[in-house]
Amino acid sequence: MSELLRLDGVACIRGDRLLFENLSLALAPGDALWLRGPNGAGKSSLIRLAAGLLRAAAGTVERRGRCALIGEASALDAELPLRRALDFWARVDTVDGHAVDRAMAAMALAPLSDVPVAMLSTGQRKRAAMVRVIASGAPIWLLDEPANGMDDAAQARLVAAIAAHRGNGGAVVLASHFALGIGDLAELDMEAMA
């Protein structure tokens, strides 16, 4: 399998509702896929399936390499200073502090290292979640509404981080209500899959 991520004939049921069925896709190194559609169309569920956090009702999901995920929550300990919260994930991902330093610089968060996560704005928490993803070294990025709360400058940093990841052979699945101006982006309309 040369792809980093492959879904074959996947179906997803949440509660008693069939969100999608017979969905197949593959992402190779450098690929990016934009999941679009209205709320409730299954974008987040597809991200969770790809991450292995949700079981498919049918079909198979194959991953080559680790995934890094941004969901609704930043997954950072709100009571800790930002850098300590990020260092926790660096230990989990077995990456060194230099990876965190580079990722914090990429998302312009180094000046906030000592600020408790709970004191960060929504956009800053999303940037911090991106730091965790960037520093992880995971080849597959699963980004569910990563730009929520971000201003234009932060969105530009997010787009640059995605471009760098793809340029280094990573793949990205992006669930968002807008494409963020990312070039060479495949699209999947989740509403059409229902």
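None of the values given here were measured: they were computed from a predicted structure.

It is the contact of helix H3 (residues 97-106) with helix H4 (residues 122-136), at a shortest axis distance of 8 Å, that shows an interaxial angle of 135°. Here H3 lies oblique to H4, going by the angle between them. Where H3 crosses over H4, the handedness of that crossing is right-handed. Only Val131, Ile134 and Ala135 of H4 make contact with H3, whose side of the interface consists of Ala99, Val100, Ala103, Met104 and Ala106. Class assignment of the residues belonging to the contact of H3 with H4 gives a composition of eight nonpolar, no polar and no charged.

Further remarks concern helix H5 (residues 152-167). Side chains three or four residues apart in an α-helix point the same way, a direct result of the helix having 3.6 residues per turn. The terminal C-alpha atoms of H5, which comprises 16 residues, lie 22 Å apart, in line with the 22 Å expected from a rise of 1.5 Å per residue. When H5 is considered as a whole, its buried residues turn out to be Ala154, Gln155, Leu158, Ala161, Ile162, His165 and Arg166. Across the axial projection of H5, the buried residues extend over an arc of 135°, all falling on one side. Across H5 from its buried face, at more than 90 degrees, point the exposed residues Asp152 and Gly167. Here the buried face of H5 lies against strand E3 (32-36), H4, strand E6 (140-144) and strand E7 (171-175).

The five strands lie next to each other as E5-E6-E7-E3-E8, forming an open sheet whose pairing is parallel. The open sheet terminates on both sides in strands that have one partner only, identified here as strand E5 (67-70) and strand E8 (186-189). Strand after strand, the sheet turns through a mean of 15° between neighbouring axes, direction not considered. Where E3 meets E7, four bridges bridge the pair, whose relative direction is parallel. When the sheet's bridge partners are listed, Ala32 is paired in E7 with Val172. In the packing of H4 onto the sheet, contacts are made with E5 and E6, and the angle to E5 comes to roughly 180°. Its contacts with the sheet place H5 against E3, E6 and E7, and it is angled at close to 155° to E6.

This paragraph deals with the nonpolar core. In this structure, Leu82, Leu109, Met130, Trp141 and Leu143 are the most contacted members of the largest nonpolar core, which totals 39 residues. Put simply, the parts of the chain that give this core at least two residues each are E3, E5, helix H2 (82-92), H3, H4, E6, H5 and E7. Element by element, the count of residues in this core is highest for H4, at six residues. Ignoring any residue separated from it by four or fewer positions in sequence, one finds Leu143 in contact with Ile47, Ile70, Met130, Val133, Ile162, Val172, Val173, Leu174 and Ala175. Leu49, Leu54, Ile140 and Leu188 belong to the second-largest nonpolar core, a separate cluster that totals 25 residues.

Moving on, we get to the pattern of salt bridges. Applying the stated criterion across every chain yields a total of eight salt bridges. For Arg6, the salt bridge identified is with Glu3, shortest N-O distance 2.7 Å. Where Asp93 meets Arg66, a salt bridge forms, and the shortest distance between an N and an O atom there is 3.7 Å. Here the residue Asp93 occupies a position in the loop between H2 and H3, and Arg66 occupies one in the loop between strand E4 (58-63) and E5, the gap between them amounting to 27 residues. Shared partners join several salt bridges into a network, and the residues in it are Glu3, Arg6 and Asp8.

As for its placement among the helices and strands, Glu21 is situated in strand E2 (residues 17-27). In this structure the C-alpha to C-alpha distance between Glu21 and Ala56, which are 35 residues apart in sequence, comes to 9.6 Å. Excluding anything up to four places from it in sequence, Glu21 contacts Val10, Ala11 and Met193.

Although it is not a glycine, Thr94 adopts a positive phi angle of roughly 50°. Structurally, the position occupied by Thr94 is in the loop between H2 and H3. The backbone of Asp184 sits at a positive phi, close to 50°, despite the residue not being glycine. Relative to the elements of secondary structure, Asp184 occurs in the loop between E7 and E8.

Definitions and limits used
- Residues numbered from 1 in each chain as written.
- Predicted model: local features only at pLDDT ≥ 70, side-chain atom pairs only at ≥ 80, totals over all residues.
- Heavy atoms only, no water.
- Axes fitted to C-alpha atoms, helices over the stretch in contact; angles between N-to-C directions.
- Helix = DSSP H or I, 4+ residues; strand = E, 2+ residues; numbered from the N terminus.
- Parallel < 35°, antiparallel > 145°, perpendicular 65-115°, else oblique.
- Left-handed = near helix turned anticlockwise from the far one by under 90°.
- Contact = heavy atoms within 4.5 Å.
- Nonpolar A, V, L, I, M, F, W, Y, C, P; charged D, E, K, R; others polar.
- Expected span 1.5 Å × (residues − 1).
- Buried < 20%, exposed > 50% of the residue type's maximum accessible area, 1.4 Å probe, protein only.
- Arc of directions from axis to C-beta.
- Pairing = 2+ DSSP bridges.
- Core = buried A, V, L, I, M, F, W, Y, C linked by side-chain atoms within 4.5 Å.
- Salt bridge = Lys/Arg side-chain N within 4 Å of Asp/Glu carboxyl O.

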